[in-house]
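What the coordinates show
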Amino acid sequence: DQLIGTNVLITIENPSESLYVNIPGGQLNIYQPLNTELEFNNTGPIRGVQLDIIIDNRFSIELESILYSERINEFNKSFNEISPSVYRVLIYSTSGWLIAPGNGNLISFEISTNSRDVGSYPIVIGNYEFIDNNNNPISAQVSSGTLNILDNSLSFPNSIDLGIISTGNEVIFSVPL
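Figured I'd write up the structure that's included with this text.

Some remarks on unusual backbone geometry
- Phi is positive for Ser-85, which is not a glycine, with a value near 70 degrees.
- Among the secondary structure elements, Ser-85 is positioned in the loop between β8 (76-83) and β9 (86-92).
- Overall, the relative accessible area of 9% leaves Ser-85 in the buried class.
- With phi around 45 degrees, Asn-127 is a residue other than glycine that occupies positive phi space.
- Locating Asn-127 in the fold gives a position in strand β12 (residues 124-132).
- A residue is classified by how much of its surface remains accessible, and Asn-127, at 44% relative accessible area, is partly exposed.

Take a look at the structure:
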């Protein structure tokens, strides 16, 4: 904003609050799920959060794996599958609590797959709304990664050390793979 006076230009700086929300993707297969999180970096206090996490139907979020960070201990929290492959996250307080400015995750959770379809699939954060300490919507930079299904074969190191095998005599050997 600018105010113009007599022969004077005065610039008033009003730094806006910033909010960055991200769900990093990663690699997984039917043997190895992905542990990921809802990253939440805010420069001002936040009163409430609503967002949907939308993933391909090859994946599921393991609801029993959900862990909430200490940043939202006093908040009401909800994390539910509201339709196939769509998960709604609600974080709010009816007691006036605010998510203090800071960096770090709010929620960590596990994504698994039973699919053998090797490829990359986007994570989408949709239907989001963030409310500041004055009950006003705040804009945010929202991003997310991809879920990458890897080849479903098990991987091993180049050799396996079988250690010491007792045969009456001490023998040490390894088997190359």
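Some points on the environment of Glu-74
- Along the polypeptide, Glu-74 turns up in the loop between β7 (59-68) and β8.
- Each C-alpha atom, one on Glu-74 and one on Thr-94, is 9.8 Å from the other, the two residues being 20 residues apart in sequence.

Things to note about the environment of Glu-37
- Mapped onto the elements, Glu-37 comes out in strand β5 (residues 34-42).
- Sequence spacing of Glu-37 and Ile-66 is 29 residues, and the spatial spacing of their C-alpha atoms is 9.3 Å.
- Here Glu-37 is in contact with Asn-22, Ile-23, Pro-24, Asn-105, Ile-107, Ser-108 and Phe-109, once residues within four sequence places are set aside.
- At a separation of 3.2 Å, a polar atom in the side chain of Glu-37 contacts the side chain of Asn-105.

Rules and cut-offs
- Here, residues in each chain are numbered from 1, in the same order as that chain's written sequence.
- Note on the predicted model: pLDDT of at least 70 is required for a residue's local features to be given, and 80 or more for side-chain atom pairs to be given and counted; whole-chain, interface and lining totals, by contrast, use all residues.
- To get the side-chain values, all heavy atoms of the structure are used, and hydrogens and water are removed first.
- For helices the rule is a DSSP run of H or I covering at least 4 residues; for strands it is a run of E covering at least 2, with both sets numbered from the N terminus onward.
- A 1.4 Å probe rolled over the protein chains alone gives each residue an accessible area, and that area as a share of the maximum for its type sets the label: buried under 20%, exposed over 50%, partly exposed in between.
- Any pair of residues with heavy atoms lying within 4.5 Å of one another is described as a contacting pair.
- Nitrogen and oxygen atoms within 3.5 Å of one another constitute a polar contact, given that in protein one can donate a hydrogen and the other can accept it, and given that sequence-neighbouring residues count only through two side-chain atoms.

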